[in-house]
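What follows is each chain in one-letter form.
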Amino acid sequence: TLMNFSATAHNALVTLNWSTATEINNKGFEIFRSTDGINFTSIGFVAGAGTSNTLQQYQYTDNPGTDGTVFYRLKQGDIDGKFV
């Protein structure tokens, strides 16, 4: 269960923070970036906690290399290969 997802810009870097309340068979999170909010490109992966009933906190730092608005999204992948 995703609790929050936020982005903070500082100089040329963007730090993404998110947390989950529970996880079941969570392999991890694929991170995507877009400059138009429509076309997203995969930029990284953060491993998940597998199965957990405790708060898990995650962070990813990106250098988008562009000025202006940047959009991010997460895609959660299960150990069995399914994505949410």
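Look up a bit, the structure's there.
Let us look at the structure shown here. Computed from a prediction, not measured in an experiment: that's the story for all the values here.

1. Re the pattern of salt bridges
Where charged atoms of side chains with opposite charge meet at close range, the side chains can pair. By the definition in use, this model includes one salt bridge. Here Asp62 and Arg33 are joined by a salt bridge, their closest N and O atoms 2.7 Å apart. Within this pair, whereas Asp62 is found in strand E5 (residues 56-62), its partner Arg33 is found in strand E3 (residues 23-34), the two being separated by 29 residues in sequence. Here Asp62 falls in the buried class, since its relative accessible area comes to 6%.

2. Remarks on the sheet that holds strand E4 (residues 41-52)
Here three strands make up an open sheet; going across it, the order is E4-E3-E6 and the pairing antiparallel. Both outer strands of the open sheet, E4 and strand E6 (71-78), are each paired with one neighbouring strand and no more. Sheet twist, expressed as the average angle between the axes of neighbouring strands with direction ignored, equals 20°. Note that E3 and E4 share eight bridges and pair antiparallel. Note on E4: the bridge partner recorded for Glu30 is Phe45.

Conventions and cut-offs
Residues numbered from 1 in each chain as written. Predicted model: local features only at pLDDT ≥ 70, side-chain atom pairs only at ≥ 80, totals over all residues. Heavy atoms only, no water. Salt bridge = Lys/Arg side-chain N within 4 Å of Asp/Glu carboxyl O. Helix = DSSP H or I, 4+ residues; strand = E, 2+ residues; numbered from the N terminus. Buried < 20%, exposed > 50% of the residue type's maximum accessible area, 1.4 Å probe, protein only. Pairing = 2+ DSSP bridges. Axes fitted to C-alpha atoms, helices over the stretch in contact; angles between N-to-C directions.

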